[in-house]
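Close look at the chain arrangement
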Amino acid sequence: MVDGYQPLTDSQWQVMACLLPVQRRRRLCLRQVVNAVLYVCRTGGQWRALPAEFPAWTAVYYYFYRWQQTGLWARLNTVLNALDRLHEGREALPSLACVDSQSVKLAPRIFEHRGLDGGKHVNGRKRQILTDSSGRIWAAHVHAANGHDSRGALGLLPHRPWWAARLQTVLTDAAYRGRFADHLRGLGLQHQVASRPPTQRGFVPVAKRWVVERTFAWLACFRRLAVDYEYTPASHVCWLVLANISMCLNRLA
């Protein structure tokens, strides 16, 4: 994990440029736009507080929102995940996935999709992520914190996407039994519960599924994700994707 914000290197930009609409001429440099978005993701600053070295915050936000709506950030995330796996000498697409959730506080004066997680005493939202066996985020879903894990996780895989062509098994804890497990079986996937034995106390790493907990620890390095500042869950999902994009770029560099 790289500490602090670092602008894109030439090699990192070359990887991204072939996936971004850089063909036509613009008055703005898209490389600086992406740098500005990654800066906000890492530092957690306000849009209006962007340093003068970046383009105007209105232009940066325009591209952030437009690419969120068109799904470009999600497609970029999927391609970078595949490239990162190939860089490690593995198959481009995963055959095993891990799912878990994390409750996060919601900023004041935001009431949409807010709930109280009684178990963790968190008033806010819950983010569900699906990772491969190395911790890369392939899918994310955000909902009110009072929603049950098994029901909230349905948004991770509403259908079987193209990147799940090799996917065979999904590992979760016991909270995902029932509705989510039935949904996975309907998609032709195998559901396995990987939890620590009930007699164990303290932290006990569960084989293969501990990587999703490590991913949550990595996300803590991005201050935009420390608290949910977004009015819509879709925007928070986009920041989760951007954090994963940043980590993939750092490894590919």
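Shown above is the structure to which this text applies.
So, here's what we can say about the structure. Everything numeric here is computed off the predicted structure, so don't read it as measured data. (Residues numbered from 1 in each chain as written. Predicted model: local features only at pLDDT ≥ 70, side-chain atom pairs only at ≥ 80, totals over all residues. Heavy atoms only, no water.)

**Remarks on the overall build of the protein chain**
Formally: Starting at the N terminus, helices and strands are each numbered in turn, a helix being any DSSP run of H or I of at least four residues and a strand any DSSP run of E of at least two. Restricting the calculation to C-alpha atoms gives the radius of gyration, and the globule rule supplies 2.2 Å times the number of residues raised to the power 0.38. Residue contacts are defined here by distance: any two heavy atoms, one from each residue, within 4.5 Å place the two residues in contact. The charge count includes Lys and Arg as positive and Asp and Glu as negative, but it does not include His or the ends of the chains. For the purpose of locating charges, the reference atoms are NZ of Lys, CZ of Arg, CG of Asp and CD of Glu.
Each helix and strand counted, the protein chain has eight helices and six strands in total. Relative to its length of 253 residues, the protein chain is compact, with a C-alpha radius of gyration of 18 Å against a globular reference of 18 Å. Its C-alpha atoms give the protein chain principal-axis dimensions of about 60 × 45 × 35 Å. If you take every contact in the protein chain between residues at least 6 apart in sequence, the share linking residues at least 24 apart comes to 64%. Side-chain charges in the protein chain split into 33 positive and 16 negative, and the spacing between the mean points of these groups amounts to 4 Å.

**Notes on the pairing of strand E3 (residues 122–131)**
The following threshold applies: When a residue's accessible area, from a 1.4 Å probe over protein chains only, is under 20% of the maximum for its type it is buried; when over 50% it is exposed; and in between it is partly exposed. Strand pairing is assigned whenever DSSP identifies at least 2 bridges connecting the two strands.
Counting buried positions along E3 gives nine out of ten residues, so the element sits mostly inside the fold. Bridge count for strand E1 (residues 96–105) against E3 is eight bridges, and the pairing is antiparallel. Bridging from a neighbouring strand, Ser 101 pairs with Gln 128 of E3. Judged from the three bridges that link them, strand E2 (residues 115–117) and E3 form a sheet pairing that is antiparallel. Bridging from a neighbouring strand, Asp 117 pairs with Val 122 of E3. If you look at the hairpin formed by E2 and E3, you'll find four residues sitting between the two strands, and His 121 has a positive phi there, around 55°. Between the end of E3 and the start of strand E4 (residues 137–144), which pair antiparallel, lie five residues, with Gly 135 showing a positive phi angle near 95°.

**Some words on the pairing of strand E5 (residues 169–172)**
Where burial is concerned, the two faces of E5 agree: the one with Thr 169 and Leu 171 and the one with Val 170 and Thr 172 are both buried. As paired strands, E1 and E5 are joined by three bridges and run parallel to one another. Following the sheet pairing, Ala 97 is matched in E5 by Val 170. The pairing of E5 with strand E6 (residues 190–193) spans four bridges and is parallel. Looking across to E6, one finds that Leu 171 is bridged to Gln 192.

**Describing the packing of aromatic side chains**
The relative placement of two aromatic rings is captured by the distance of their centres and the angle of their planes. Note the threshold: Two rings from Phe, Tyr or Trp (for Trp, the six-membered ring) form a pair when their centres are within 6.5 Å of each other. A pair whose planes differ by under 30 degrees is stacked, one over 60 is edge-to-face, and the rest are tilted.
Tallying each qualifying case throughout the model produces 14 aromatic pairs. Between Tyr 39 and Phe 54, the aromatic rings sit 5.3 Å apart at their centres with planes inclined by 45°, giving tilted as the arrangement. Separated by 15 residues along the polypeptide, Tyr 39 in helix H2 (residues 30–43) and Phe 54 in the loop between H2 and helix H3 (57–70) bring together distant segments of the chain. Tyr 39 sits in the partly exposed class, given a relative accessible area of 23%.

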